[in-house]
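Examining the three-dimensional arrangement
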Amino acid sequence: MLSRVADSLYWMTRYLERAEHTARLIDVNLTLMLDESPLSADRRWQRVLMGLGNPPDFVWNGDADALANLITFDASNPCSIRSCIMLARENARQVREQISSEQWQQLNRLYHEVTRSYSGNMTDTQPSEFLQAVITGSHLFQGVTDSTMNHGEGWRFIQLGMYLERASATLVLLSVYTQEFWSQPDGNMEGNEYLEWIGLLRSCTAFEAYRKVYTNDVNPERILEFLLLNEENPHAVRHAIDCVQAALEAIQGEAGKRRAAPLRRIAGRLQAALQFGQVPEIIEQGVGTYLKDILRQCEEIHTNIYQIYIHYSIETALAG
Amino acid sequence: MTSIGSLNPLDSPAFANYFLDAAYDEMFSSGGAVRPPYAPLIENFLAMSQDELKRRKHSADVSFLNQGITFTVYGRNEGTERIFPHDLLPRLITHSEWLHIEKGLTQRITALNLFLRDIYHEGRILADGIVPRELVFSCKHFRRQMRGLQVPRNVYIAVVGTDLIRLQTGEFVVLEDNLRVPSGVSYMLTSRMVMKRIFPQLFRRCHVRSIEHYSQSLLSTLRSLAPEGRPEPTVVVLTPGVFNSAYFEHAYLARQMGIELVEGRDLVTHDNIVYMRTTNGLRRVDVIYRRIDDDFVDPLAFRSESTLGVPGLFNAYRAGNVTLSNALGNGVADDKALYAYVPQIIKYYLGEDPVLNNVETYLLTDRAQRQHVLANLDKLVVKAVGESGGYGMLIGPHSSAEQREDFARQIEADPRNFIAQPTLNFSRAPCLIDEHLEPRHVDLRPYVLFGDKVTIVPGGLTRVALRKGSLVVNSSQGGGSKDTWVLNE
């Protein structure tokens, strides 16, 4: 597969996953905000911004609608949902002949839907409806991708983009929440705090799944375990890294193992850490430091993928 | 066919705005009777209610949009893609008409190919004084770098899209040979797909010949041109990238053929071998179906500022390690001034009379012809020889005095750069305009493939000048398209 194509496929889903994640985060917080004081709304939006990794041009100035608008519709802001979907489509367009027609049509439809529903004002539109459409559109794309595209190398790069983005997004969100609410994990939770933790789970579409495993007993340690170390929860970091590792193994094949040695080491070590890690150890080590370290390793995986498969030098390729 | 009975369709309200005049009408004979092949078609359309027609038109449009069958309009930000305007009524070509076209195109491409081989090698036709030397060497598409270069199988023109028009007499004539990077074939293929979905019954009734094997034929044509000693050649499509107006087509063809679509930045050359960068390292490339103009192919050999091309590609080509299709320097044979000599070229190489005639053409380098043209600018069409896409053109009867003066000045300054032709009243076909059927001018661009043999899929792109009275069919100038149905015997 062409390196350029792998690059586009990777970013296509990475952007789409980002759009979906942002949409869900906004949707969850808009809902939570409905019965809240202005003061806590203030903190909430700051938290949302941090959860999005503090995009450079976003400043919280007290106007929730304006901010929601900026994050959702603003085409000049490269992190907005609209921009992410545009970029996802632009990447798909670059590799139009590599993806299935169904995938292209689904993404194209989502793009037209997003650009059409923009009225310039968040309050005029039905935000929830719009955000849900983005989430559903992204889900549909994932389904269409799995059922219409060959599960070959291209599909593996799609998986890489999606799961690395997901792992990073979950890690950033976890950092924000644990930093703010970890203060007294064993003590009794206030009503608000309880809502916040549920908000976190919802932001990762993991609330229902969590309840099935742990009942409705909302407990930060368990949430940390569920979003970080759970093997089966598709939004857990461990699950995402398992998928990343599977994709990498498939891309390497037997022949490419030697070439990919540094990548194999980093990804394998991260997978093992998440597989065998335990929450009490993590707490002992310091949750914030731990999360930061995992996030750094995800970035390292990304860098190595690019060095080995996308931006390698001609000299090394001809020598090998 | 007789079920229309005594009722003349021209009397129905759908045809209220219809008119017949001296121009050949594709659907009606000059007396107003429906031409027999069109009978099932017209019957079918008249039987449909307005709402039904609208619904089908809408479903066709949506299908084009969702498939991303769009072309790029330059200079706009968000809406850079538009769907190609598409008319619902197909244009029909009978079996015998098609046989004639096929024969004529085969003859023409064979002769033009021999011509290119000749002028880049011995130059016999120039020595024999059939084609003036200065006409060839003054052509801006002549590539001296191609002199003496051996191209595989001596095939310069692997892919052609020849523009035909139909005169008042019903005769098909050649308006233009596109021998460089002809486009539009994807519209032919996709519009057929959409039409089949929207009018399945009609399609069956009309016994239309299939065009679906086009991409397969294209691939085997390209494979047959691989350098020697490469039995399993790797073929790629080279595109300028997503911002090119024909990008959809490049991607479409690559996908249909199941080969890689590469950009210049995907290719590297080393020791005169061309490779593409893959996730699995470098992979050798044997045949490049290039959709980039000559000038931009290789910054080392041609325009040095090109970022679309591949440095070193031309040397690899010269060394015979990679095939470029079409060959470079083909533009000299589809130069509009050279066009006037194609009948002589056919005669010279093949000893035959042309099957498909040319349009009468005035060469402005000739003093007498130039005087005649300058005196009759209001009746003639003047075209710049190197332009395409409907640019650089003066249509005499539709022009203003200033425009004519402007062209007269340009002609005097550089007569080699222009030719003139009579304003042609070429054929019209009914199109669905709002709620009525109205006649619009159409041309026909069949696609010819030439590798180890000549292949012409029975069909083509019928382009329509959608603006009322317009004679310009180019998509950049308000043109649209129709599906073209070549009928079985």
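Residues numbered from 1 in each chain as written. Chains lettered and ligands numbered in written order. Predicted model: local features only at pLDDT ≥ 70, side-chain atom pairs only at ≥ 80, totals over all residues.

1. Topic: the overall build of chain A
Helix and strand counts for chain A come out as 15 helices and zero strands. Computed over its C-alpha atoms, the radius of gyration of chain A comes to 20 Å, within 12% of the 20 Å expected for a compact globule of 320 residues. When its C-alpha atoms are laid out on the principal axes, chain A stretches across 65 × 50 × 35 Å. Across chain A, every contact between residues at least 6 apart in sequence was considered, and the portion connecting residues at least 24 apart equals 71%. (Helix = DSSP H or I, 4+ residues; strand = E, 2+ residues; numbered from the N terminus. Rg over C-alpha atoms; globule rule 2.2 N^0.38 Å. Contact = placed C-beta atoms within 7 Å.)

2. Describing the overall build of chain B
When helices and strands are tallied, chain B shows 14 helices and 24 strands. In terms of overall dimensions, chain B is globule-like: its C-alpha atoms have a radius of gyration of 23 Å, near the 23 Å expected for 489 residues. Considering only residue pairs separated by 6 or more positions, chain B has 68% of its internal contacts joining residues 24 or more positions apart.

3. Quick notes on the interface of chain A and chain B
In this complex, chain A contributes 22 residues to the contact, which on the side of chain B involves 22 residues. Put simply, the parts of the chain that give the side of chain A that touches chain B at least two residues each are α1 (3–33), α4 (81–94), α5 (101–116) and α15 (314–319) of chain A. Ranked by residues supplied to the side of chain A that touches chain B, first place goes to α5(A) with five residues.

4. Examining the pairing of strand β8 (residues 260–263) of chain B
Residues B:Glu260 and B:Val262 line one face of β8(B) and the alternating positions B:Leu261 and B:Glu263 line the opposite face, and both faces are buried. With helix α9 (residues 247–257) of chain B bridging strand β7 (residues 235–239) of chain B and the parallel β8(B), this β-α-β connection has right-handed handedness. (Buried ≥ 20, exposed ≤ 12 C-beta atoms within 10 Å, placed from the backbone. Right-handed = clockwise from strand over helix to strand, strands pointing away.)

5. A few points about the environment of B:Phe84
On the secondary structure map, B:Phe84 appears in the loop between β2 (81–83) and β3 (86–93). As for B:Phe84 and B:Arg205, which are separated by 121 residues in sequence, their C-alpha atoms are 27 Å apart.

6. A few points about the sheet that holds strand β12 (residues 287–290) of chain B
Strand pairs in the sheet, formed through backbone hydrogen bonds, run parallel or antiparallel to each other. All names here are of chain B. Pairing within the open sheet is parallel, and its four strands lie in the order β8-β7-β12-β13. Of all the strands in the sheet, just β8 and β13 (323–325) have a single pairing partner and so form its edges. With direction set aside, neighbouring strand axes in the sheet form an average angle of 30 degrees. One ladder, built from four bridges, connects β7 with β12; its direction is parallel. (Pairing = 2+ DSSP bridges. Axes fitted to C-alpha atoms, helices over the stretch in contact; angles between N-to-C directions.)

7. Notes on the nonpolar core
Counting residues in each nonpolar core, the largest one holds 225 residues, and the members touching the most others are A:Leu227, A:Val237 and A:Val244. By residue number, the principal contributor to this core is helix α7 (residues 153–181) of chain A, which donates 14 residues. (Core = buried A, V, L, I, M, F, W, Y, C linked by C-beta atoms within 7 Å.)

8. What about the domain arrangement of chain A?
All names here are of chain A. As assigned here, chain A comprises domain 1 (1–149) and domain 2 (150–320). If you look at the interface, domain 1 gives 26 residues, while domain 2 gives 24 residues. Those elements that place two or more of their residues in the side of domain 1 that touches domain 2 are α1 and α2 (38–51). In terms of residue count, the dominant contributor to the side of domain 1 that touches domain 2 is α1 (18 residues). When its residues are assigned to classes, the side of domain 1 that touches domain 2 shows twelve nonpolar, eight polar and six charged. (Domains from an automatic or database assignment. Nonpolar A, V, L, I, M, F, W, Y, C, P; charged D, E, K, R; others polar.)

9. With respect to the sheet that holds strand β9 (residues 267–270) of chain B
All names here are of chain B. Across the sheet, which stays open at both edges, the three strands sit in the order β9-β10-β11 with antiparallel pairing between neighbours. Two strands lie at the open edges of the sheet, namely β9 and β11 (281–284), each paired on one side alone. On average, each strand axis in the sheet is inclined to that of its neighbour by 40 degrees, with strand direction left out of account. Bridge count between strand β10 (residues 273–278) and β11: four bridges; the pairing is antiparallel.

10. Here's the deal with the confidence of the model for chain B
Residue and element names in this part refer to chain B. On average, residues of chain B score 90 in pLDDT, and 94% of them are at 70 or above. No element of chain B has a lower mean pLDDT than strand β1 (residues 70–72), at 62, and none a higher one than β12, at 98. Note that residues 1–6 has pLDDT below 50 and, in this model, seven contacts with residues that lie over four places away or in other chains. Ignoring residues within four places in sequence, the model shows residues 74–79, a span with pLDDT below 50, making zero contacts including any to other chains. In the predicted complex, the global pTM is 0.81; the interface-specific ipTM is 0.79. (pLDDT = per-residue confidence, 0-100.)

11. Observations concerning unusual backbone geometry
Residue B:Asn326 is reached from B:Ser325 by a cis peptide bond, and omega for that bond is -10 degrees. By the element assignment, B:Asn326 lies in the loop between β13 and α11 (336–339). Notably, A:Thr205 is not glycine yet its phi reads approximately 40 degrees, a positive angle. Take A:Thr205: it is sitting in the loop between α8 (191–203) and α9 (207–214). Among the residues examined, A:Thr205 registers 17 C-beta atoms within 10 Å and is labelled partly exposed. A positive phi angle is found at A:Thr215, which is not glycine, with a value near 55 degrees.

12. Focus: the packing of α7(A) against helix α10 (residues 220–228) of chain A
Residues and elements named next belong to chain A. Contact geometry of α7 with α10 gives a least axis separation of 11 Å together with a crossing angle of 170 degrees. Judged by the inter-axis angle, α7 sits roughly antiparallel to α10. On the side of α7, the interface is formed by Thr170, Leu174, Thr178 and Phe181, while α10 contributes Pro220, Leu224, Leu227 and Leu228. The class makeup of the residues in the contact of α7 with α10 is six nonpolar, two polar and no charged. (Parallel < 35°, antiparallel > 145°, perpendicular 65-115°, else oblique.)

13. Here we look at the packing of α1(A) against helix α3 (residues 64–72) of chain A
For any two helices packed against each other, one specifies the inter-axial angle together with the distance between the axes. Residue and element names in this part refer to chain A. Relative to each other, α1 and α3 sit at 160 degrees, their axes nearing to 11 Å. As far as their axial angle goes, α3 and α1 are roughly antiparallel. In the packing of α1 onto α3, the handedness of the crossing is left-handed. Residues Thr22, Ile26 and Leu30 of α1 lie in contact with α3, whose contacting residues are Ala68, Ile71 and Thr72. Partitioning the contact of α1 with α3 into residue classes produces four nonpolar, two polar and no charged. (Left-handed = near helix turned anticlockwise from the far one by under 90°.)

14. Some points on helix α1 (residues 39–47) of chain B
Residues and elements named next belong to chain B. Within the sequence span of α1, burial applies to Leu41, Ile42 and Phe45. On an axial view of α1, the arc spanned by its buried residues comes to 90 degrees, and they lie on one face. In this structure, the buried residues of α1 make contact with β3 and α7 (200–206). (Arc of directions from axis to C-beta.)

15. Let's talk about the pairing of β3(B)
All names here are of chain B. Extensive coverage of β3 is indicated by the burial of seven of its eight residues. In the sheet, β3 pairs with strand β24 (residues 479–486) via five bridges, with the strands oriented parallel. Along β24, the bridge assignment pairs His86 with Ser481.

16. Describing the environment of A:Glu20
Residue and element names in this part refer to chain A. Tracing the chain through its elements places Glu20 in helix α1. The class of Glu20 is buried, set by 29 C-beta atoms lying within 10 Å. Between the C-alpha atom of Glu20 and that of Leu131, which follows or precedes it by 111 residues, the distance is 8.4 Å. What Glu20 contacts, discounting residues up to four positions off in sequence, is Val134, Ile135 and Ser138.

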